[in-house]
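The primary structure of each chain is shown beneath.
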Amino acid sequence: MDTPEALTMLDTLDALDARLIDRLQGGFPLVSRPYAATGRSLGLGEDGLIRRLRALLHAGVLSRFGPMYQIERLGGCFVLAALAAPEARFDEVAAAVNALPAVAHNYRREHRLNMWFVLAADSAAAIDAARRGIELVTGLEVNLFPKEREYFVGMRFQVGGAAPVGAAAGARRAGEPAVLSEDDRRLIRATQAGLPLCRYPYRDIARQLGWAEAEVTARLARWLEQGVVRRIGAVPNHYAIGYRANGMAVFDVADEQVDALGAQLGGLDAVSHCYRRPRRPGWPYNLFAMLHGSERPAVLAAVDDARALLGEACRGHEVLFSSRILKKTGLRL
């Protein structure tokens, strides 16, 4: 369990590391020797790039490197959840929540609802079973905030924690789950933890599966086009590269305007995720956005920008800053 401040590792990165992290958050090529092709664009040899990626992963500067799957398109589901843990029991409750395999991420946030986590499973029934299991063990109510609409996912984090790079965002639904064959599932299981760090990563995967290399790259290319894979590349630990302040901003926006305004909110540079979620008793907020900056004033300035954009349609808001990382693992099939 770490504080965001403890994870900043900027002093350990050189200029080439920084350029590598900034450039490799997407667009990794589907060619036979992708590290060689990418290394040339960075002025690095193939083996040099592989060594640097391995070192950045080992140090925790990168969380993973490989395909980013859209879990809902794979037939799974994930739900944001929160509970109010009494301070005297906080660590005990966190341990109980983290012990559940369905819990992928867990953060302490500065709010009455002070523990926020993601439940990931292969069905809504399994999500509900996980919720009931946590309530049984802890004696605390778990509030579920399922995604109703996705406006934006995908900010690229720049080393240093300043001037994050957003992208044009359009309100969209996740789409219907893809129809997956057993071979599809085998490929997902072989790649969801990341790509091999070797000269021929796709050939290495193909050999594991008993396939031709071209079959691996063709399926990944098709999934990129269909949105089953969001992107192929690096996932930085944003705390480690300078984003010390991370706040979940929540807004109470008029229902008839939330979709149009949510799409605009997702276009702000500081936003990495933006969703519509349901209101709950005592929780009037229906628009959620994750905001990131090098320090809290930068995040609060971004919240001011968001509030100005939402205008009179916004009847209230709060910012829940992250203060501890309690658990962080990937969402897996």
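Notes on the structure follow. (Residues numbered from 1 in each chain as written. Predicted model: local features only at pLDDT ≥ 70, side-chain atom pairs only at ≥ 80, totals over all residues. Heavy atoms only, no water.)

### Here's the deal with the pattern of salt bridges
As a reminder, the rule being used: By definition here, a salt bridge exists when the distance from a side-chain nitrogen of Lys or Arg to a carboxyl oxygen of Asp or Glu is within 4 Å. Segments assigned H or I by DSSP are reported as helices when at least four residues long, segments assigned E as strands when at least two residues long, and all are numbered from the N terminus.
Evaluated as defined, the whole model comprises 26 salt bridges. With a shortest N-O distance of 2.7 Å, Asp255 and Arg279 are connected by a salt bridge. In this pair, Asp255 is assigned in the loop between β8 (245–253) and α9 (258–265) and Arg279 in the loop between β9 (271–276) and β10 (287–293), connecting sequence segments 24 residues apart. Within this structure, Arg33, Glu46, Asp47 and Arg199 form a network of salt bridges that share partners.

### A closer look at the packing of helix α7 (residues 201–209) against helix α8 (residues 213–226)
Formally: In this analysis, axes come from line fits to C-alpha atoms, helices being fitted only over the stretch in contact, and the angle between any two N-to-C directions falls in the range 0 to 180 degrees. Note on terminology: angles under 35 degrees are roughly parallel, angles over 145 are roughly antiparallel, angles of 65 to 115 are roughly perpendicular, and the others are oblique. Contacts are assigned to residue pairs with any non-hydrogen atoms lying within 4.5 Å of each other. Throughout, the ten residues Ala, Val, Leu, Ile, Met, Phe, Trp, Tyr, Cys and Pro are labelled nonpolar, Asp, Glu, Lys and Arg are labelled charged, and all others, Gly among them, are labelled polar.
Where α7 meets α8, the closest approach of the two axes is 8 Å, and the angle between their N-to-C directions is 105°. By the angle between their directions, the pair α7 and α8 is classed as roughly perpendicular. Facing Tyr202, Arg203, Ile205 and Ala206 of α7, the residues of α8 in contact are Glu213, Val216, Thr217 and Leu220. Partitioned by chemical class, the residues of the contact of α7 with α8 number five nonpolar, one polar and two charged.

### Things to note about the sheet that holds β9
Our working definition: Should DSSP find at least two bridges between two strands, the strands are regarded as paired.
Strand order in the open sheet formed by nine strands is β5-β2-β4-β3-β11-β8-β10-β9-β6, and the pairing between neighbours is antiparallel. Each of the sheet's edge strands pairs with one partner strand only, and the pair in question is β5 (143–145) and β6 (149–153). The sheet shows a mean angle of 25° between the axes of neighbouring strands, taken without regard to direction. Alignment of β9 against β10, held across five bridges, turns out to be antiparallel. Along β10, the bridge assignment pairs Cys274 with Ala289.

### As for the environment of Pro281
Positionally, Pro281 belongs in the loop between β9 and β10. The spacing of Pro281 and Asn143 is 138 residues in sequence and 9.7 Å in space, taken between C-alpha atoms.

### Describing the nonpolar core
Inclusion rule: Residues grouped as a nonpolar core are buried Ala, Val, Leu, Ile, Met, Phe, Trp, Tyr and Cys residues, joined through side-chain atoms within 4.5 Å. Burial classes follow relative accessibility: with a 1.4 Å probe on protein chains only, a residue under 20% of its type's maximum area counts as buried, one over 50% as exposed, and anything between as partly exposed.
Counting 38 residues, the largest nonpolar core has Tyr35 and Leu53 as the members making the most contacts within it. Of all the elements in the fold, those that place two or more residues in this core are α1 (15–23), α2 (34–42), α3 (46–59), β1 (62–69), α6 (182–191), α7, α8 and β7 (229–236). With residues near it in sequence (within four places) discarded, Leu53 still touches Leu20, Leu24, Tyr35, Leu62, Phe65 and Leu197. Counting residues in each nonpolar core, the second largest holds 23 residues, with Val258, Val303, Ala313 and Cys314 among its members.

### What about the pairing of β10?
Most of β10 is tucked away, with seven of its seven residues classed as buried. Burial of β10 is two-sided: the residues Leu287, Ala289, Leu291 and Gly293 facing one way and the residues Phe288, Met290 and His292 facing the other way are all buried. In the sheet, β8 pairs with β10 via seven bridges, with the strands oriented antiparallel. Note on β10: the bridge partner recorded for Asn246 is His292.

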